[in-house]
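What follows is each chain in one-letter form.
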Amino acid sequence: MVINLSYSKCIFIPLLLVFVVDVIAADNYTSAKQAMLAEIKTDTRLTSIATGRSKLSNHVMDALITVPRHKFVRPGDEKYAYENRPLRIGYGQTISQPYIVALMTDLIDLRADYKVLEIGTGSGYQAAVLAAIVKSVYTIEIIPPLAKQAHNRLSTLGYNNIETRIGDGYYGWQEMAPFDAIIVTAAATHVPPPLIKQLKPNGKMIIPVGGKFFTQQLMLIEKKIDGTVRSRQILPVAFVPLTGTH
Amino acid sequence: MFTSFSKPNRPPLIAIFLISSLSLSYEVLLTRILSIIQWHHFAYMIISIALLGYGASGAFITIFQNKLKPRFPVVFLTNIFLFALSSILGILLLQQLPFNPLELFWDKSQWIWLFIFYTLLMLPFFFAANCIGLVLYQYSGQISASYAADLLGAALGALGIVFFLHWFFPLQTLQLIVFTGGLAALIAALELKSNKTIIFICYLIMLFPWLLPKAWLELKPSEYKSLSQARNIIGTQVINNKSGPLGLLTVLESPKVPFRHAPGLSLGSDSLPPEQLGIFYDGDSMSAITRFDGNPSSLAYLNNMTSSLPYHLLENLEVLILGAGGGTDVLQAKYFQARHIDAVEINQQIVNLIKNDYANFSGNIYNSKNVNVYIAESRAYLQASEKKYDLIQMALMDSFATSAAGLHALNESYLYTTEAMKLYLTHLNSNGVLALTRWVKLPPRDTLKLVDTAKQALHQLGVADPKQHMALIRSWNTATLLIKNQPFGSSDIAKITNFSQRHSFDLAYYPGITKIEVNHYNVLPEAYFFHGTSALLSEKSRQFINQYKYDLQAATDDKPYFFNFLKSHFLPEILQLPANQGLALIEWGTIILYATLIQACLASVFFILLPLWIYQRSQPETKQSQTTTFVFSYFTLLGIAFMFMEIAFIQRFILFLGHPTYAIAVVLTGFLFFAGIGSAYSKKWPAIQTVKTATIGIALCAILYLLILPSLFNWCINLPEIFKIVISLLLISPMAFFMGMPFPQGLSLLARYSPNRIPWAWGVNGCASVISAIAATLLAMEFGFTWVVILALVCYTLAGRIFSKKLQSLS
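Computed from a prediction, not measured in an experiment: that's the story for all the values here. (Residues numbered from 1 in each chain as written. Chains lettered and ligands numbered in written order. Predicted model: local features only at pLDDT ≥ 70, side-chain atom pairs only at ≥ 80, totals over all residues. Heavy atoms only, no water.)

*Asks:* Would you mind showing me how to read the overall build of chain B here?
*Replies:* Check the secondary structure of chain B and you find 28 helices and 13 strands. Scaling as 2.2 N^0.38, a compact globule of 811 residues should have a C-alpha radius of gyration of about 28 Å, and chain B matches this with 28 Å. The 811 residues of chain B split such that 64% are buried. Once local pairs closer than 6 in sequence are excluded, the contacts in chain B between residues at least 24 apart make up 78%. For chain B, the accessible area works out to roughly 29,200 Å², and carbon and sulfur atoms hold 62% of it. Taken as two groups, the 53 positive and 42 negative side-chain charges of chain B have centres that lie 12 Å from each other. (Helix = DSSP H or I, 4+ residues; strand = E, 2+ residues; numbered from the N terminus. Rg over C-alpha atoms; globule rule 2.2 N^0.38 Å. Buried < 20%, exposed > 50% of the residue type's maximum accessible area, 1.4 Å probe, protein only. Contact = heavy atoms within 4.5 Å. Areas by Shrake-Rupley, 256 points an atom, 1.4 Å probe, with all protein chains shown as cover. Lys, Arg positive; Asp, Glu negative; His and termini not counted. Charge placed at Lys NZ, Arg CZ, Asp CG, Glu CD.)

Pasting the structure below:
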């Protein structure tokens with residue numbers, strides 16, 4: 001009896017400890033998520049003059065709560081996962097600052113029945129946020145190891161409405177075009193004309209411009225119903241540059 | 001092992017000469033290496049700290065002088081060994097550190113890695129400075145000769161490194177430095193009559209770089225630089241590497257995923273670039289060599305960029321391209337059937353790539369009948385030429401990333417000053433156009449500053465109403481400003497409007513434009529470019545410039561910091577923005593400059609002044625405190641004055657000599673060489689007379705040069721390079737000769753009355769030099785180089801008076 005009890009303790013106590021650690025971790029992530037969301041709300045409010053948005057839509061905020069960002073960062077970086085900052089993921093890439101992810105997602109005005117294209121999968125976090133909102137997400141990554149990691153991660157997490165591909169995203173995803181919205185996180189000196197073609201009329205494309213760790217501006221491409229294209233440059237900061245009259 | 005040393009009667013001048021040359025060579029090499037593995041502005045920051053090794057050495061020798069002096073031979077040799085080893089091992093080790101400067105504001109642990117970075121880089125300078133400082137201290141009766149050897153060695157180092165970087169890659173040059181360090185140790189060991197073991201160690205040091213595993217001897221650029229990122233793409237391959245004093249050029253091919261380099265391509269463009277090779281400069285700043293098979297239709301994409309606007313105003317042009325680079329602008333000119341093209345490029349290696357290595361790939365554009373390529377600095381070329389052009393094109397001479405981050409604020413640029421603009425405009429035919437294309441930065445600054453610069457230039461050329469002579473269009477990321485000596489007519493305006501509409505570019509300004517015409521295709525929250533240009537060309541321009549958050553005032557040759565946009569009073573507003581978002585608005589170049597100055601001051605206190613103060617407190621005698629005041633004030637003033645004068649005149653001569661790297665090498669070599677001669681000569685006169693003569697000589701030369709140099713340079717600019725180099729050296733020689741005198745006189749004075757203060761004087765002077773190098777740049781950015789020279793003269797005068805008073809008090 002004593003031996004059995006000791007034996008039981010050897011099994012159950014570690015299991016209990018793992019469970020407790022998991023619960024504590026989950027609890028920590030929950031509170032970290034809440035803190036992150038609160039910061040995003042504050043940032044959104046403070047930058048509303050520049051962005052035109054004083055608050056982000058509910059489905060974007062819900063997606064940020066749902067998506068476990070700590071599963072998308074490098075092992076060892078989980079404790080930073082919900083800080084409002086970019087984190088490196090290897091191969092010279094980063095998982096973007098949550099505020100920028102939230103703002104970009106909100107700016108393309110997603111609806112539940114949308115089909116969205118993402119160029120530059122990276123960690124897969126942005127794709128997961130999109131997938132929590134829309135019907136289907138198609139995402140392309142040019143760096144094979146990153147693409148495979150993202151694919152495995154998204155599969156494991158159960159994101160069945162995301163299709164991933166390794167390849168050159170310049171020509172988009174022709175077979176599944178047109179798209180209601182496109183996010184382009186891969187750097188380029190110009191907006192790829194094929195992607196503009198694959199955008200539906202009334203569709204929006206968003207491109208962050210700047211370095212990996214500092215986003216200088218967001219460029220929103222809007223395709224009108226008549227097919228004409230306009231770009232709108234948004235500074236993710238509140239700035240009033242001009243004073244005085246002329 | 002060290003028992004068989006003897007201290008020779010003469011200082012080991014050859015060893016000092018070599019160590020000093022190696023130290024300066026290593027400093028220059030370090031900027032190259034750090035520019036490749038990190039970014040050049042961090043190289044600037046780190047170098048200033050590394051030089052504090054000199055100051056720390058002074059403190060070290062002062063505090064431990066009683067232990068070091070009796071062991072001079074072994075300490076001297078050990079420091080040479082340590083210099084050689086740390087110079088190569090430091091670089092190899094720091095590449096293993098997980099240091100990413102881009103994360104400094106996000107990740108506190110990066111500051112620890114930065115500190116380790118600094119320490120590794122500081123060590124070689126610390127050891128080299130120990131060698132020189134110990135000799136000055138040990139042989140205090142022969143200071144002039146030792147200091148002369150130091151300066152002459154440094155002069156050779158400055159010249160030598162430029163030569164070596166021409167022929168060898170940076171790491172190969174580093175191997176040679178270590179080898180020569182071993183050689184210096186060998187010479188010193190022979191002079192000190194060392195035993196065979198020491199001689200053997202010297203040979204070992206000489207061979208050490210070649211004993212390291214080859215895999216260790218690679219430079220690894222940051223994974224966040226564009227070359228590193230491009231190499232992650234399947235199928236990319238480095239096909240060429242060229243190294244020189246101006247930088248490392250890497251050519252990358254990407255057969256599976258084309259580069260598609262087409263900056264500012266219109267949103268409505270149907271054409272794409274043909275196959276391209278990527279050229280990366282120091283692992284970043286990509287440009288492209290575009291395949292041209294002779295069929296102009298393959299280049300149709302070049303018509304969909306804002307830089308093609310001037311070709312829609314004029315035909316059959318005589319074109320001048322400034323900063324031709326990989327040839328995109330030359331291709332564009334060929335696409336538009338320019339009659340003749342002169343292409344100016346400062347970097348010979350890029351030109352050689354297009355002319356030779358990739359001549360067939362590029363369609364032999366640089367060997368074409370109607371294309372002449374000149375290896376020259378743009379202004380120097382124009383000043384030496386009387387030719388006039390229909391179009392002068394200067395487009396996108398830096399990468400978007402470096403431009404957006406404001407990293408050029410550290411660099412002077414004589415291409416965008418009012419004087420430069422006048423030069424360009426005077427080389428236009430009567431209906432000619434000057435076309436300047438810059439990256440769009442938000443909030444706008446570059447483009448608006450160009451507008452003010454053009455306005456000032458037009459005024460100075462006698463144009464009454466500059467607003468009739470400019471036009472501005474933009475895409476989402478490029479803006480092209482056109483300037484003419486003649487007003488834009490209605491047909492010009494119609495063509496500009498038509499072109500912009502066809503390509504979905506936004507009009508920002510033309511004479512008579514209205515607000516309703518702007519900001520349609522690439523929409524900004526406000527019509528910044530229209531408002532800004534209109535304001536700058538109105539009577540209220542001064543008010544606008546004063547109230548604008550960035551500095552838009554035109555740069556001049558005296559203040560050639562076009563890329564300095566930061567107004568310091570704007571900084572608090574930026575820093576108050578939440579969650580580091582203001583970081584995207586900061587001009588990083590200027591911030592780094594201020595940060596470098598602050599860290600230099602703090603490190604000086606920590607590494608130099610604090611240890612010396614603690615040491616000082618342990619020393620009784622009131623006389624010591626008077627000597628301390630003399631040492632601190634005299635050698636600080638000399639450090640400031642020497643660096644201010646040197647930097648101010650380096651800037652002047654860059655304009656004359658036309659090639660920044662060679663100008664710096666020639667001017668630095670000249671200053672150091674003739675200062676060394678002055679130092680050697682200074683012992684011939686009595687001390688007070690020497691310092692007085694030196695002060696007067698420096699003042700006369702400086703004032704004379706401020707008055708006559710601009711005219712003299714204009715007069716001589718057309719001479720061949722070799723003559724300009726000789727003239728530069730002749731001009732530098734008298735002033736540098738006098739500048740070499742005060743320092744050894746001060747040390748000689750200490751040698752007679754307070755020899756244990758010599759290392760401290762050495763340290764304080766090194767410290768002041770480091771801080772002054774940064775301060776000189778900041779002052780020049782704010783007030784211009786003339787004031788930097790005036791301040792240097794004030795410092796020399798004050799130092800002279802302090803010296804006289806000290807001499808009087810001692811006698």
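This is not the end of the story, as more comes after the structure.
*Asks:* Got a minute to help me understand the overall build of chain A in this structure?
*Replies:* Secondary structure summary: chain A contains 7 helices and 9 strands in total. Counting all 246 residues of chain A, 53% fall into the buried class. Taking as baseline every contact in chain A between residues at least 6 positions apart, the subset at least 24 positions apart corresponds to 53%. As displayed, chain A has an accessible area near 10,800 Å², and 59% of this comes from carbon and sulfur atoms.

*Asks:* Looking at this model, I keep getting lost on the layout of surface pockets. Mind explaining?
*Replies:* If you roll a probe as big as a water molecule over the atoms, it shows you where there is empty space left. Residues and elements named next belong to chain B. If you add up the space inside the second largest pocket, you get close to 650 Å³. What lines the second largest pocket is a set of 19 residues, and nearest its centre among them are Leu171, Leu217, Glu218, Leu219 and Asn241. Counting residues per element, the ones that place at least two in the lining of the second largest pocket are α8 (170–191), α10 (226–231), β1 (237–244) and β2 (247–253). (1 Å grid on protein atoms, 1.4 Å probe; cavity = no way out; pocket = protein on both sides within 12 Å on 5 of 7 lines; lining within 4 Å. Points joined across faces, edges and corners; volume = space filled by probe spheres on them.)

*Asks:* I keep staring at the pattern of salt bridges and nothing clicks. Help me out?
*Replies:* Side chains that differ in charge, positive against negative, can pair when their charged atoms come close. Throughout the structure, instances matching the rule amount to 29 salt bridges over all chains. Across the salt bridge formed by Asp270 of chain B and Lys197 of chain A, the nearest N and O atoms sit 3.3 Å from each other. With Asp270 of chain B in the loop between β2 and β3 (276–281) and Lys197 of chain A in helix α7 (residues 193–197), this residue pair bridges two chains. Neither residue differs from the other here; Asp270 of chain B and Lys197 of chain A are each classed as exposed. For Asp282 of chain B, the salt bridge goes to Arg32 of chain B, with nearest N and O atoms at 2.5 Å. Remark: Arg32 of chain B occurs in helix α1 (residues 13–37) and Asp282 of chain B occurs in the loop between β3 and β4 (284–290); sequence separation between them is 250 residues. Each member of the salt-bridge network shares a partner with another, and the members are Arg53, Asp106, Asp109, Lys204, Glu222 and Arg232 of chain A. (Salt bridge = Lys/Arg side-chain N within 4 Å of Asp/Glu carboxyl O.)

*Asks:* Explain the sheet that holds β3 of chain B to me, please; I cannot follow it from the model alone.
*Replies:* Strands belonging to one sheet form pairs held by backbone hydrogen bonds; the direction of such a pair is parallel or antiparallel. Residues and elements named next belong to chain B. One open sheet accounts for 4 strands, arranged β1-β2-β3-β4; its pairing is antiparallel. Edge positions in the open sheet fall to β1 and β4, since each of these has one partner strand only. Strand-to-strand twist of the sheet, defined as the mean angle between neighbouring strand axes without regard to direction, takes the value 25 degrees. Sheet analysis places β1 next to β2, joined by 7 bridges and oriented antiparallel. Counterpart to Asn241 in the pairing with β2 is Thr250. (Pairing = 2+ DSSP bridges. Axes fitted to C-alpha atoms, helices over the stretch in contact; angles between N-to-C directions.)

*Asks:* Help me out: how do you make sense of helix α15 (residues 418–426) of chain B in this one?
*Replies:* Note: α-helices contain 3.6 residues per turn, so residues at a spacing of three or four share the same orientation. Within α15 of chain B the residues assigned to the buried category are Thr418, Ala420, Met421, Leu423, Tyr424 and Leu425 of chain B. Looking at the buried positions of α15 of chain B, the neighbouring elements they touch are β5 (318–322), α13 (378–384), β8 (389–395), β9 (428–439), α16 (446–460) and β11 (478–484) of chain B.

*Asks:* Hey, could you run me through the nonpolar core in this one?
*Replies:* In this structure, Phe76, Phe635, Met645, Phe649, Phe653, Met735 and Leu747 of chain B are the most contacted members of the largest nonpolar core, which totals 162 residues. Ranked by the residues each element gives to this core, the list is headed by helix α22 (residues 622–657) of chain B, at 20 residues. With sequence-adjacent residues up to four places away left out, Phe653 of chain B is seen in contact with Gly658, Ala663, Val667, Leu709, Phe713, Ser728, Leu731 and Ile732 of chain B. With 117 residues, the next largest nonpolar core counts Phe213 and Leu235 of chain A together with Leu448 and Ile591 of chain B among its residues. (Core = buried A, V, L, I, M, F, W, Y, C linked by side-chain atoms within 4.5 Å.)

*Asks:* Where do I start with the pairing of β3 of chain B in this structure?
*Replies:* Residue and element names in this part refer to chain B. Of all 6 residues in β3, 5 are buried, a share of seventy percent or more. In this sheet, β3 lies alongside β2 in antiparallel orientation, the contact comprising 4 bridges. Residue pairing for β3: Thr250 is matched across the bridge by Phe280. Bridge count for β3 against β4 is 5 bridges, and the pairing is antiparallel. If you follow Ile279 over to β4, its bridge partner there is Ser287.

*Asks:* Just to check I follow, could you spell out the interface of chain B and chain A for this structure?
*Replies:* Interfaces are often sized by the amount of accessible area the parts lose when they come together. Contacts between chain B and chain A engage 63 residues on the former and 53 residues on the latter. When chain B packs against chain A, the two sides together hide about 5,200 Å² of surface, and 61% of this comes from carbon and sulfur. Put simply, chain B and chain A have 3 salt bridges between them. Along the contact surface separating chain B from chain A lie 17 residue pairs in polar contact (both at pLDDT 80 or more). Put simply, the parts of the chain that give the side of chain B that touches chain A at least two residues each are α14 (400–404), β13 (522–523), α18 (528–536) and α19 (541–547) of chain B. (Buried area = accessible area lost by both parts, 1.4 Å probe. Polar contact = N/O pair within 3.5 Å; in protein donor to acceptor, adjacent residues only side chain to side chain.)

*Asks:* Which parts of the structure should I look at to understand the sheet that holds strand β8 (residues 215–223) of chain A?
*Replies:* The sheet built from 8 strands is open, its strands ordered β5(A)-β4(A)-β3(A)-β6(A)-β7(A)-β8(A)-β9(A)-β13(B) with mixed pairing. On the outer flanks of this sheet lie β5 (162–166) of chain A together with β13 of chain B, each paired with one strand and no other. Bridge count for strand β7 (residues 199–210) of chain A against β8 of chain A is 7 bridges, and the pairing is antiparallel. Counted as the bridge partner of Ile207 of chain A is Met219 of chain A from β8 of chain A. Contacting β6 (179–184), β7, β8 and β9 (229–234) of chain A, helix α4 (residues 98–107) of chain A runs over the sheet at an angle of about 15 degrees to β8 of chain A.

*Asks:* What's the story with the confidence of the model for chain A in this structure? I'm lost.
*Replies:* Segments scoring low in pLDDT should not have their predicted coordinates read at a detailed level. Residues and elements named next belong to chain A. In this model, chain A carries a mean pLDDT of 86, and residues with pLDDT of at least 70 account for 85%. Averaged over each element, pLDDT in chain A is lowest for helix α1 (residues 2–46) (72) and highest for helix α5 (residues 125–131) (98). In the predicted structure, residues 238–246 sits below a pLDDT of 50 and forms 29 contacts with residues beyond four places in sequence or in another chain. (pLDDT = per-residue confidence, 0-100.)

*Asks:* Explain helix α9 (residues 196–211) of chain B to me, please; I cannot follow it from the model alone.
*Replies:* All names here are of chain B. Taking 1.5 Å as the rise per residue, α9 with 16 residues should run 22 Å; its terminal C-alpha atoms sit 21 Å apart, in good agreement. Largest kink in α9: about 35 degrees, centred on Ile205, with the proline Pro209 one to four residues after it. The inward-facing, buried residues of α9 contact α5 (72–94) and α8. The opening residue of α9, the one whose side-chain oxygen lies 3.1 Å from the backbone nitrogen of Thr197, is Asn195. (Expected span 1.5 Å × (residues − 1). Bend = angle between axes of the 7 residues up to and from the residue.)

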